[in-house]
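Inside the fold
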Amino acid sequence: MAKPALQAQSILSNLGPLVTDLESVYKDIHSHPELSMQEKRTAGVAADRLRSVGYEVTTGIGKTGVVGLLRNGDGPVIMLRSDMDALPVREATGLPYASNVTANENGKSVPVMHACGHDMHVTWLIGAATLMAKSPDAWRGTLMPVFQPAEETGTGAQAMIDDGLLKRFPKPTAILGQHVMVGSSGVVSTRSGVITSAGDSLQIRMFGRGAHGSMPQSSIDPVVMAAATVLRLQTIVSRELAPTDAAVVTVGSLQAGTKENVIPDEAIIKLNVRTFDENVRKRVLGAIERIVNAEAEASRAPKKPEITPLDRYGFVKNDPAATRRTLDAFRSFFPSDRVKDTQPTTASEDFGSFGTEWQSPSVFWFVGGTDPEIYAEAQKSGTTADLPTNHNPRFAPVIHPTLETGVQALVVASQAWLAA
Ligand SMILES: [Zn+2]
Ligand SMILES: [Zn+2]
């Protein structure tokens, strides 16, 4: 076994006794989820934990972000990133530690759930940061755990950057991050190059002319206009892109009208686009604009539709050399069947912003969170797509060995740079 892996193993020999404590941290955060930019309690837990094992801690970066620094001699600076926010989803896992929290979102009360596993991410990072602090002889350099707000709205990484992250903290030699996903628990997977898609969300407001439902001749019906638009948007991926160019165009919200006998004035479409290539992204966004305007014109709309960007995520692109280094470390630590290659996924992440802004190489990987037997069964029957994914009200990673694997992966990857 290579020296970094041996040292990672010695650091991780303290994981066993810590697991019960980390499990209670996980359940506590799971049952107290907080929406994007409201992660006060979660940030407090992370900051307290880091302080208690000797990190210099700065809080309130980009509103609720937390940065820890543990300087342990000369050497590389490794940044480890976790997001902290939950989603406006009503939990349906039936777990004993399920959330029944509600919170205020834009003046409305909404249910809140850790449906994307960011509670697991926080726990992993607390675990890895604690173990590294307990074994200072096994590494040299600076470890910088970063707990980020508001990944789900695509604004948290940028908020930390806008709040002076790059000026206030040392430039990382490498930036590492991980996400729990559907996949066999205990398996880590990554790839060189683009690993998560770009995501663009748009709101489209289409204008018509309202009238009595019995007098269509006096109306310009935005319901029909919007319906035709939604159908035509489906042809972008099926008819305008090459079969080898992947993209997703999903209309997730279509709203118009209040009553069956009133033709409304306007319709609102909200849609989400995922792409893996900048040229494809531009083509898809251009086609959406063209179709929306043309459908409005075909319907005699009294005014041009309003297209407003809602949020935007860049690609997460893994640096090839840093990915090789991380994968070599994983392979020398985990059994070979627990380190896999993965295809790029249509999930999107703002993790990429840190590497882009700092011009530091970054590596992002996935950790499976599905019960290995259930996953193997689903693979056999070709039904893995039916397993509850991230953002599903029934998304519930199995705690073991998902928890242990994420902590191990962070320590092992850090040691690929920091091993003494
Ligand atoms: Zn998510
Ligand atoms: Zn997520």
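A short tour of the structure in this document, coming up. A quick note: this is a predicted structure, and the numbers were derived from the prediction, not measured.

**A few points about the overall build of the protein**
- A count of helical and extended segments in the protein gives 12 helices and 18 strands.
- Computed over the C-alpha atoms, the radius of gyration of the protein is 23 Å, within 12% of the 22 Å expected from 2.2 N^0.38 for a compact globule of 420 residues.
- Expressed along its principal axes, the backbone C-alpha trace of the protein runs to roughly 80 × 50 × 45 Å.
- Here the protein holds 420 residues, and the buried ones make up 48% of them.
- Across the protein, the fraction of contacts at a sequence separation of at least 24, relative to all contacts at a separation of at least 6, is 82%.

**Regarding the pairing of strand 6 (residues 141–148)**
- With eight of eight residues buried, strand 6 lies mostly within the body of the structure.
- Where strand 2 (residues 65–72) and strand 6 come together, five bridges link them in antiparallel fashion. Within the sheet, the bridge partner assigned to Asn-72 lies in strand 6 and is Gly-141.
- Pairing between strand 3 (residues 77–83) and strand 6: seven bridges, direction parallel.

**Focus on helix 2 (residues 15–31)**
- Counted at 1.5 Å a residue, the expected span for helix 2 with its 17 residues is 24 Å, and the 23 Å between its end C-alpha atoms agrees.
- Taken as a whole, helix 2 has its buried residues at Leu-22, Val-25, Tyr-26, Ile-29 and His-30.
- Buried-residue contacts for helix 2 involve helix 3 (40–52), helix 4 (118–134) and helix 12 (399–418).

**Some points on the sheet that holds strand 14 (residues 266–275)**
- In space, the four strands of this open sheet follow the order 12-14-10-15, with antiparallel pairing throughout. Each edge of the open sheet is held by one strand with a lone partner, namely strand 12 (247–256) and strand 15 (306–313). Here the strands of the sheet are splayed against their neighbours by 15 degrees on average, with no regard to which way each runs.
- Bridge count between strand 10 (residues 198–207) and strand 15: seven bridges; the pairing is antiparallel. The residue bridging Arg-205 from the neighbouring strand is Glu-306, located in strand 15.
- Where helix 7 (residues 222–240) meets the sheet, its contacts fall on strand 10, strand 12 and strand 14, and the angle it forms with strand 12 comes to roughly 175 degrees.

**Examining the packing of helix 2 against helix 4**
- Their axes nearest at 9 Å, the elements helix 2 and helix 4 cross at an angle of 150 degrees. When the axis of helix 2 is compared with that of helix 4, the two are roughly antiparallel. By crossing handedness, the relation of helix 2 to helix 4 is classed as right-handed. On helix 4, the residues touching Leu-15, Leu-18, Leu-22, Val-25, Tyr-26, Ile-29 and His-30 of helix 2 are Asp-119, Met-120, Val-122, Thr-123, Ile-126, Gly-127, Thr-130 and Leu-131.
- Here the residues of the contact of helix 2 with helix 4 sort into 10 nonpolar, four polar and one charged.

**Notes on the sheet that holds strand 1 (residues 56–61)**
- A sheet is described by the order of its strands in space; here eight strands give the open sequence 1-2-6-3-7-18-8-17, paired in mixed fashion. Every interior strand has two partners, whereas the edge strands, strand 1 and strand 17 (339–341), have only one. Pairwise comparison of adjacent strand axes, ignoring direction, gives a mean angle of 25 degrees for this sheet.
- The pairing of strand 7 (residues 174–184) with strand 18 (residues 362–370) spans eight bridges and is parallel. The partner of Leu-176 across the bridge, within strand 18, is Val-363.
- Packing against the sheet, helix 4 makes contact with strand 2, strand 3, strand 6 and strand 7, and its axis sits at approximately 150 degrees to strand 3.

**Looking at the environment of Glu-297**
- Take Glu-297: it is sitting in helix 8 (residues 278–298).
- C-alpha separation for the pair Glu-297 and Pro-170, spaced 127 residues apart in sequence, amounts to 54 Å.

Conventions used here
- Residues numbered from 1 in each chain as written.
- Chains lettered and ligands numbered in written order.
- Predicted model: local features only at pLDDT ≥ 70, side-chain atom pairs only at ≥ 80, totals over all residues.
- Helix = DSSP H or I, 4+ residues; strand = E, 2+ residues; numbered from the N terminus.
- Rg over C-alpha atoms; globule rule 2.2 N^0.38 Å.
- Buried ≥ 20, exposed ≤ 12 C-beta atoms within 10 Å, placed from the backbone.
- Contact = placed C-beta atoms within 7 Å.
- Pairing = 2+ DSSP bridges.
- Expected span 1.5 Å × (residues − 1).
- Axes fitted to C-alpha atoms, helices over the stretch in contact; angles between N-to-C directions.
- Parallel < 35°, antiparallel > 145°, perpendicular 65-115°, else oblique.
- Left-handed = near helix turned anticlockwise from the far one by under 90°.
- Nonpolar A, V, L, I, M, F, W, Y, C, P; charged D, E, K, R; others polar.

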